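# Descriptive structure summary
Below, each chain spelled out in residue letters.
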Amino acid sequence: MKYIDFRSDTVTKPTEAMRAAMASAEVGDDVYGDDPTVNELHDYAAALTGMEAALYVCSGTMGNLVSVMSHCARGEGVLMGTQSHTWKNEAGNVAFLAGVMPYPLDDSSGLPSERSLKSSYQPKGNVHYANTVLLTLENTHNAAGGLPAEAGQFTDIAAAARDMGLKIHVDGARIFNAVAYFGNDVKDYTRYADSIQICLSKGLGAPMGSVVCGTRSFVERARKYRKALGGGQRQTGIAAAAGLIALRDMRGRLADDHKNAAALAEGLTEAGYDVEDTPRRTNMVYFNIGEGDGDAAAFVKKCAERGLLIGVAGAARIRMVTHLGLDENSVDRAIEILKDMSVQRQ
Ligand SMILES: Cc1ncc(COP(=O)(O)O)c(C=O)c1O
């Protein structure tokens, strides 16, 4: 069966241009810093984000982890939203690999409030607490519906964190979806951050990898942690060549994914699904199924039997993500399949 795959934007396949670039990439040993294609990616990412330096890492998870390790010593604390990917979906690595204490923030509407920051923050000088030194912010926010942060609100919360003496790391797995949504500049966000992690492997279409960006000394520390975690690779230019195309040429296309997601949300609402509303839709659509549909896992299985792949996001919560491998026809077909299921259950 030919499937249409709305599970995630991570299922994208490299484009022809990426495959050609990978085949002809100039390479060297990146652990020695000798891979010219990786170095070009570093320079490009640093210039694009307006930060001093960048580092190619295996995944978004590794990018976030080396960033936390580079900012926090063991026994220190990081403020994280309890709906964030770093908190929920990275295998608890901050606690069990970095030895850093995650402090919870309410980020159910994307950005945490200043109040939430202040209530979780633990200052230096009290033996009872892990000193809080870092705040992580996710943009776009996956669990909050792919919500992009407005630059002004982002600045306000970052300024409050700075006033508290905190460093700021941005999980910008999909930061260019935020940029595509607002038509602004990624520097509107990075200007207030000490580091950012950007996934090349999602809507931008590269087969693997992320870049982390920050100051030169931050990147030096991150390089050491990357090595310690087994992420020092050799002729990585093969993969970085695709990453370079992702970052340089694929940002502009993310607006198509947003258009497709909006059409999908509208079609599913018309078909009677309880689609979660969002003030700013990027490439994600979340909806909740009713009692009669069974649990989300059973619902997803039924969809797969009809050729539609979608994701479980909770006991009764479903996620669909638009991406490079899907067009308007895929959206129409998905709506048709889901409409048909909706009719059958009535
Ligand atoms: C918001 C966010 N951050 C980080 C990651 C981790 O990226 P990776 O799967 O490359 O480890 C993801 C993955 O989906 C994500 O959605």
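Worth saying up front: this structure is predicted, and the values here are computed from it rather than measured.

With that out of the way, let us pick up the pairing of strand E5 (residues 132-138). Judged by how many residues are buried, E5 sits mostly within the fold: seven of seven residues are covered. For E5 and strand E6 (residues 167-171), the ladder comprises five bridges, and the chain directions are parallel. Within E6, the position partnered with Thr136 by the bridge is His169. Each parallel crossover has a hand, and for E5 linked through helix H7 (residues 151-163) to E6 it is right-handed.

A word on the site of the ligand. Taken together, 13 residues form the shell around the ligand, and within it Gly60, Thr61, Asp171, Arg174 and Lys202 come nearest. Take Gly60: an N or O atom from its main chain is 2.8 Å from an oxygen atom of the ligand. Between the ligand and Lys202 there is a distance of 3.0 Å, counted from an oxygen atom to a side-chain nitrogen or oxygen. Surface burial for the ligand is 84%, taken as the share of its 390 Å² of free accessible area covered by protein chains. At three residues, the largest contribution of residues to the shell around the ligand is made by helix H3 (residues 60-71). Residues that form the shell around the ligand fall into these classes: two nonpolar, six polar and five charged.

Let's shift gears to the packing of aromatic side chains. How two aromatic rings sit relative to each other is set out by the distance from centre to centre and by the angle between their planes. In this structure the tally under the stated criterion is five aromatic pairs. Ring centres of Phe154 and Tyr189 lie 5.2 Å apart, and the angle between their planes is 85 degrees; on these two criteria the pair is classed as edge-to-face. Separated by 35 residues along the polypeptide, Phe154 in helix H7 and Tyr189 in helix H9 (residues 187-190) bring together distant segments of the chain. An angle of 85 degrees between the planes, with centres 4.9 Å apart, marks the rings of Tyr181 and Phe182 as edge-to-face. The positively charged end of Arg251 is found above the aromatic ring belonging to Phe176, 5.4 Å away from the centroid.

Most often, soluble globular proteins keep nonpolar side chains buried together rather than apart. The biggest cluster of nonpolar side chains holds 51 residues, and the ones touching the most others in it are Leu117, Phe176 and Leu247. At seven residues, helix H11 (residues 237-249) tops the list of elements feeding residues into this core.

What counts and how
Residues numbered from 1 in each chain as written. Predicted model: local features only at pLDDT ≥ 70, side-chain atom pairs only at ≥ 80, totals over all residues. Heavy atoms only, no water. Buried < 20%, exposed > 50% of the residue type's maximum accessible area, 1.4 Å probe, protein only. Helix = DSSP H or I, 4+ residues; strand = E, 2+ residues; numbered from the N terminus. Pairing = 2+ DSSP bridges. Right-handed = clockwise from strand over helix to strand, strands pointing away. Near = heavy atom within 4 Å. Polar contact = N/O pair within 3.5 Å; in protein donor to acceptor, adjacent residues only side chain to side chain. Areas by Shrake-Rupley, 256 points an atom, 1.4 Å probe, with all protein chains shown as cover. Nonpolar A, V, L, I, M, F, W, Y, C, P; charged D, E, K, R; others polar. Phe/Tyr/Trp six-rings, centres within 6.5 Å; stacked < 30°, edge-to-face > 60°. Lys NZ or Arg CZ within 6 Å of the ring centre and 35° of its normal. Core = buried A, V, L, I, M, F, W, Y, C linked by side-chain atoms within 4.5 Å.

What is shown is where atoms sit, not what they do.
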